[in-house]
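The chain contents come next:
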Amino acid sequence: MSDTDTALVARARDGDRAAFEELVRRTSRLVFARLYLDTGRSDRAEDLLQETYLLAFRSLRRLTDPTVFRPWLLAIAHNVLIDDSRRASRLKRAAPPAADLPLALLPSAGPRPDEMAQREELRARVLSVLRSLPEEYRLPLTLRYITGANYDDIGEQLGLTNGSLRGLLHRGLKMLRDRLPPDFKAGLDG
Amino acid sequence: MRYTEGTMSDHTWAEEHVAAYLAGGLDAPEAERLEAHARDCPACAAALAAARRLDGGLSVLFAGVQPGPELQDRAVARLRTADPPSPVFGRWAVRVAASVAAVLMLGAFGALAGAVMQRGGLPLPGHVRLKREGGERPRISGQSPPDYGPSALNEFLGTLIYDASDSMPAKDLTNEDPGLQSNLEAALPQIERVEQQSVDAAVRQDNIGLPNAPDTDTFALAIPGLNTSDLTSTHKLRVSGTTPPGRINTNSIDTNADGSVWALRGHGSMSNMRGYGTTSNAVLPSDSYATHLGSGVMERPAVSPHLNLFSPVFKPGDHKPVFAAIAQPDPKKEPAKEPDKAPPPAAKPAADGVPAPAPEPEPERRVILRSGDIEFEVPSFDTAHATVTKIIGNIKGAFVSTVNSEKLPNGKVKGSVTVRVPAASLDGLVAELRKDLGATGELKGVRLAAQDVTKQYFDLESRLRAARTMEQRLLQIIKEGKGEIKLLLEAEKELGVRRTTIEEFEGELRFYANRAALSTLTISITEKEIRAAAGFTENERVQAGVEVEDVDAAYQQLRKAIEDAKGRVTKSEVKQLSAGQFNATVNFELAPDAGGPMRDRLRQLGRVARLEIDRVTQAEGGTLPSDAKTRRGDTVFLVQLYNLANVTPRETATLQVAVTDVSAAYQALRDAVAKTAGRVLNAQLNEQDRTNVTAQFDFEVRRADEPAIRAALDAAGEVVSRQVARAPEGENVTDAKVLYKATLLSAARLKPREVTVLGIEVSDVDQTAAAFAKYAADAKGRQADTQFTREPSGKVTAKLSFEVPLAAAATLVKQFKDAGTVRVSQSVRDPQASEGKYATARIDVTLTNQVGIVPADDGLWPQVRRGLTYSVSVLLTSVTWVVFGLCVVLPWAVIAWVVYRTVRRRPATVVVPTTPPPA
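Each chain has its residues counted from 1, running along the sequence as written. The order in which chains are written sets their letters, starting at A; the order in which ligands are written sets their numbers, starting at 1. For this predicted model, a pLDDT threshold of at least 70 governs which residues receive local features, and a threshold of 80 or more governs which side-chain atom pairs are given and counted, while totals over whole chains, interfaces and linings are taken from all residues. Computation of side-chain values covers all heavy atoms of the structure but excludes hydrogens and water.

Side note on the overall build of chain A
Going by this rule: The secondary structure listing takes helices from DSSP runs of H or I that are at least 4 residues long and strands from runs of E that are at least 2 residues long, numbered from the N terminus. The rule is simple: take the accessible area with a 1.4 Å probe, protein chains only, and divide by the maximum for that residue type; under 20% is buried, over 50% is exposed, in between is partly exposed. Here the accessible surface of atoms and residues is derived via Shrake-Rupley with a 1.4 Å probe, and residues count as covered only by protein chains that are part of the display.
Each helix and strand counted, chain A has ten helices and zero strands in total. N-terminal to C-terminal, the α/β element order of chain A is α-α-α-α-α-α-α-α-α-α. In chain A, which comprises 190 residues, the proportion classed as buried is 47%. Approximately 9,300 Å² of chain A is accessible, and the part contributed by carbon and sulfur atoms is 54%.

Put into structure tokens, the structure is as follows:
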């Protein structure tokens, strides 16, 4: 973690809203990536992201060590996620959610439905592979492909130095490629 | 960190940096280096291409889900709208505050409910409200909130009836519209409604007395506008009685047929009936003619003899009065004569504030025939006849039509005078007759009758008119002389018939008119019967029974007394019966004045046990006048003298006397009886053995000697039972003697008053038994029984029985108990035993020594008992805890759980770690 991050955390803890906003900018994609990995849905991930930051903002003064801001934030995100899934299961138990059926019925301007389905399935598989990766490789790759962050952004989000990120990326990608299903690789190759 | 150049080959470096290169993580020289290597090395080129494909494929694959560059902005924007972190209250603070608020609310609610309950406002099951029952009456007026309890309902109804009854008399049901029949009908529902109200209230509220009306007669419902007569301008519905909202019996409404008076009187007896008037026979003024033809003219003469019985006969407008003699009563006089029935027309409407709207009534047309009988009993017929003649002479138009008289066998004269008087004067005549003849004679009966012949009269009139018209027609025909002779002859013949008919009608009408104008009064006069004077004779008969000591002496004295009083002895005998019994009977007659002294003389002879006096009065001659004289005849005496030797005493006393020495007491009692000259009937002394001595002693003594006998009895011993029987009073028993049946028994044989059973454990049985015997002897008791048992085990048992005076028993028992360990102690009192100076107590003592094989508190059974006791106590304690938990802990646990669940459901339940989890 860079010194500026620590300083920002310290300032935010004293009630500096601008500092916290800067922290948000620096970590939001990380948190998003983390949440997306678990949820598999970007809209939900974004909702949870906002909830996470709200919670973090409210309880920031309880963070004793400013240097562990990112793990702390990720832990909050994790709890938020668990809480949300618990609530979702309760809702499911209580009543079937009002499905977005009318919207789903609208003709999509994007790809055809079968392509969409195919892609969705592919995404799910890739995500599962990503989830199976160790934490340190998983996050950079997620940031890279799912949040579309460039190299610098990744480094900023993770609070990592250039060299370590290179290694992480290399080994993560290699691991990913090894674990990807063969048909996917074939699709890519073909 | 450029660490790679020197340490690794280009190939390795390139392989490792493909990913960074693709991500744009290499600066320009590094990118140059990698590209250069890839151009030379086919493996690296292939790897780069593959990596690029993968990279591109993944990027494309996730292109749709990438959040875009605005993600941060959105997150920041969302944050800006969020609340700043609460510096003071943490989440726990909020929870604690919520809990405190909940508890406070619960407490406040409980306190409120308790307060409400204590004031009786919240009826819980089983909590009966009786506080306000019979208390102050709640006002049910507008502002007080209604109470829905049953008692409140009663009270509410009570108020209702108060309101109803209060408003009833004042209720103005007057219909201001002087309309026709519909007015009455319109007014009736109001009557009904008011009544219904009070009825409902009265049914449920019997215990609330209806307030008395200030004036029992004030409840009147006046409905003007229906007057068909000038006699009354108001129809009254009057109810009298003690309760203003008295019920009017529907059937009792008497709509008078003539429509003139429509009055109803509910008297006290019928004030509880209910109902309301109907107007089925209501008469319309415009229809009066028809009404008069079709209705009677009666005025209920029986009810009101002072009513003017001669009712007016009016003709319709186109008729002139037929007979001048038919008087039209003065309408102003009429109400004055009968104020009760028909008040002045102006009075009531004025009272009601509504002017009488009476339409001009059609004149009345009535033909009434009145007649009457009156009967007197007078001393002299001739005088009475003269009086009648004189009275008739003073009445204008009246005359005596017939006089009959007849001499009866007993010399009395009986007769009748028939007079004809103008109808208007009939009542005056009757009143005068009653005054004049009633002064000397006696009014025996009056009967006044009226007969309504209006219908016949006017029928006749109409037929007369028709006949006259026919007569005119026939005359016309004859006068014109047209047509055939035969027809004319027939007309003549017909005319003759008609004229006969006309004259018949006229005659009949004249008869009616005559009868209507002059009423007939028949005065029956009878002379009183004269009765002869007669007399009474009064005889006195005295029957007496006298108890004397010496019958013969008393007999002689009585004979002498009779002789002194110049009496006449009719029977006299002296008898000697068995067992010294003497009887004497003397019957004699005395002058009435000597009766009293002779009775006193009898009392001097002895005790007059029986005295009956009859006084018989007999009449002599014919019917007895009230002032007949009484003559006193001779007084007859029937006297019996007897002595008391063989007469059973009335009172018998059966005694049981406890004495210490039966023989001595028996002797003493015999001496006492002999001293008072009593008569001994039975005496026996029964001495079977030393402890069982009884004596029976029956004797008669005079009442005067009774105290001496009682003193002797008290000296001998104590009376433990006494039964006194008294035979009914009669000739065969006497009160001068008392029979005593005394049984003497030994005091030692009396049943003990108290039996005490003691079981005492002592160390040395023999020694203790000796000590107990000494105690008993000191207390003047005796040892009745002693029994020692010695067992081989060394156990010694002694059964001792003591009989001691009751007074000493308590002390003795205490002494016994102090001697050792008391195992058994039981005390029974016998309620049948007497508690006198000879009362004893029995003490049964069982003495044992302390020898036991097994200690009392050891062994199997005590252990089982102990274990059971512990278990039960533990069980009971746990039950207490369970109940405590159910009643106290459980509710709070439920509340706490509910609060917890509520707080849990809040969205912000994410646990915020203070430190990150280990990576």
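Next comes the rest of the description.
Topic: the overall build of chain B
We apply this condition: The contact criterion used throughout is that any non-hydrogen atoms of two residues lie within 4.5 Å.
The helix and strand tally for chain B stands at 22 helices and 23 strands. Pairs at least 24 residues apart make up 77% of the contacts formed inside chain B by residues separated by at least 6 positions.

A few points about a nonpolar patch on the surface
Rules: What makes a patch is a set of residues exposed beyond 30% relative accessible area and free of salt bridges, joined within 9 Å when like-charged and within 5 Å when nonpolar (Val, Leu, Ile, Met, Phe, Trp, Tyr). One side-chain nitrogen of Lys or Arg within 4 Å of one carboxyl oxygen of Asp or Glu is enough to make a salt bridge.
Together, Val882, Leu886, Leu890, Val894, Trp897, Val898 and Tyr900 of chain B line one region of the surface with nonpolar side chains, adding up to about 700 Å² of accessible area. Residue position: Leu886 of chain B is located in helix H22 (residues 860-904).

Observations concerning the interface of chain A and chain B
Our working rule: A quick way to say it: buried area is the sum, across both parts, of accessible area lost when two parts are put together, with a 1.4 Å probe. Polar contacts here mean pairs of N or O atoms no more than 3.5 Å apart (in protein, one a potential hydrogen donor and the other a potential acceptor; neighbouring residues in sequence count only if both atoms are side-chain atoms).
Between chain A and chain B, the contact holds 57 residues from the first and 55 residues from the second. When the two sides are added together, the surface that chain A and chain B hide from each other amounts to roughly 5,300 Å², 61% of it contributed by carbon and sulfur. Its salt-bridge partner being Asp73 of chain B, residue Arg25 of chain A comes within 2.6 Å of it at the nearest N-O pair. Connecting chain A to chain B are three residue pairs in polar contact (both at pLDDT 80 or more). Only helix H2 (17-39), helix H3 (42-58), helix H4 (69-94), helix H6 (113-132), helix H7 (135-145), helix H8 (151-158), helix H9 (162-179) and helix H10 (182-189) of chain A provide two or more residues apiece to the side of chain A that touches chain B.

A look at the packing of H2 of chain A against helix H5 (residues 71-81) of chain B
Heads up, the condition is: Helix axes use the C-alpha atoms of the stretch in contact, all axes being lines fitted to C-alpha atoms, and the angles between their N-to-C directions lie in the range 0 to 180 degrees. Between 65 and 115 degrees an angle is taken as roughly perpendicular, under 35 as roughly parallel, over 145 as roughly antiparallel, and anywhere else as oblique. Rotating anticlockwise by less than a right angle from the far helix to the near helix defines a left-handed crossing, while the corresponding clockwise rotation defines a right-handed one.
Interhelical geometry of H2 of chain A versus H5 of chain B gives an angle of 135° and a closest axis separation of 9 Å. By the angle between their directions, the pair H2 of chain A and H5 of chain B is classed as oblique. Relative to H5 of chain B, H2 of chain A is oriented so that their crossing is right-handed. Only Leu71, Gln72, Asp73, Ala75, Val76, Leu79 and Arg80 of chain B of H5 of chain B make contact with H2 of chain A, whose side of the interface consists of Arg17, Phe20, Glu21, Val24, Arg25, Ser28, Arg29 and Phe32 of chain A.

Concerning a positive patch on the surface
For clarity, the threshold we go by: The positive count covers Lys and Arg only, the negative count covers Asp and Glu only, and His and the chain ends enter neither. Charged groups are reduced to one reference atom each: NZ for lysine, CZ for arginine, CG for aspartic acid, CD for glutamic acid.
There is a patch of like positive charges on the surface, built from Arg90 of chain A together with Arg901, Arg904 and Arg905 of chain B. Its place among the elements puts Arg901 of chain B in helix H22.

Observations concerning the packing of aromatic side chains
Residue and element names in this part refer to chain B. Spelled out, the test is: Side-chain rings of Phe, Tyr and Trp, where Trp is taken by its six-membered ring, are said to pair if the distance between their centres is within 6.5 Å; with planes under 30 degrees apart they count as stacked, over 60 as edge-to-face, and otherwise as tilted. In this analysis the charged atom, NZ for Lys or CZ for Arg, is taken to sit over a ring once it is within 6 Å of the ring centre and within 35 degrees of the ring normal.
The final tally for this structure, using the stated rule, is 14 aromatic pairs over all chains. An aromatic cluster is built from Tyr666, Phe697, Phe699 and Tyr740, whose rings are joined through pairwise contacts. When the ring centre of Trp13 is taken as origin, the NZ or CZ atom of Arg33, which lies over that ring, is 3.9 Å away.

Quick word on the packing of H8 of chain A against H9 of chain A
Between two packed helices, what matters for the description is the angle formed by their axes and the separation of those axes. Residues and elements named next belong to chain A. Filter applied, for reference: Residues are grouped as follows: Ala, Val, Leu, Ile, Met, Phe, Trp, Tyr, Cys and Pro are nonpolar; Asp, Glu, Lys and Arg are charged; all remaining types, including Gly, are polar.
Interhelical geometry of H8 versus H9 gives an angle of 105° and a closest axis separation of 10 Å. Looking at the two axes, H8 sits roughly perpendicular to H9. Only Asn162, Leu165, Arg166 and Leu169 of H9 make contact with H8, whose side of the interface consists of Tyr151, Ile154, Gly155 and Leu158. Broken down by class, the residue content of the contact of H8 with H9 amounts to five nonpolar, two polar and one charged.

A closer look at helix H19 (residues 706-716) of chain B
All names here are of chain B. Counted only if it meets this: In this description, one arc is meant: the one made by directions from the helix axis to the C-beta atoms.
Within the sequence span of H19, burial applies to Glu706, Ile709, Ala712, Leu713 and Ala716. Buried residues along H19 cover an arc of 125° about the axis, so they all sit on one side. Across H19 from its buried face, at more than 90 degrees, point the exposed residues Pro707, Asp714 and Ala715. In this structure, the buried side of H19 is in contact with strand E14 (648-659), helix H18 (662-675), strand E16 (692-702), strand E17 (717-726) and strand E18 (733-746).

A short note on the sheet that holds strand E19 (residues 754-762) of chain B
Residue and element names in this part refer to chain B. Put simply, the rule reads: When DSSP finds two or more bridges between two strands, those strands count as paired.
The strand order E20-E21-E23-E19-E22 describes an open sheet built from five strands, whose pairing is mixed. The open sheet has two edge strands with one neighbour each: strand E20 (782-790) and strand E22 (821-829). If you compare each strand with its neighbour and ignore which way they point, the axes differ by 10° on average. Where E19 lies against E22, eight bridges are found, and the strand directions are antiparallel. Its bridge partner lying in E22, Val755 is registered against Val828.

As for the sheet that holds strand E4 (residues 368-378) of chain B
Residue and element names in this part refer to chain B. Taking strand neighbours across the sheet as the criterion, the five strands line up as E5-E6-E8-E4-E7 in an open arrangement whose pairing is mixed. If you trace the sheet from one side to the other, it starts and ends with strand E5 (399-407) and strand E7 (442-452), each paired once. Looking at each pair of strands side by side, their axes are set apart by 10° on average, direction ignored. Across the sheet, helix H12 (residues 381-394) is in contact with E4, E5, strand E6 (413-422) and strand E8 (518-527); its angle to E6 comes to roughly 5°.

Quick look at the confidence of the model for chain A
Inclusion rule: The predictor's confidence in any single residue is recorded as pLDDT, a number from 0 to 100.
Predicted confidence across chain A gives a mean pLDDT of 77, with 82% of residues reaching 70 or more. When the elements of chain A are averaged for pLDDT, helix H5 (residues 101-105) of chain A gives the smallest value, 56, and H3 of chain A the largest, 85.

Observations regarding unusual backbone geometry
Residues and elements named next belong to chain B. Positioned with a positive phi, Lys566 is a non-glycine residue whose angle comes to about 60°. Within the secondary structure, Lys566 sits in the loop between helix H16 (551-564) and strand E10 (568-576). Using a relative accessible area of 74% as the deciding quantity, one classes Lys566 as exposed. At Lys780, a residue that is not glycine, the phi angle is positive and equals roughly 65°.

Notes on the pairing of E18 of chain B
All names here are of chain B. Burial within E18 is extensive, with eleven of its 14 residues counted as buried. Relative to E18, E14 is paired through eleven bridges, and the arrangement is parallel. Among the inter-strand pairings, Gln656 is bridged to a residue of E18, identified as Thr743. Where E16 meets E18, nine bridges bridge the pair, whose relative direction is antiparallel. Following the sheet pairing, Asp698 is matched in E18 by Lys741.

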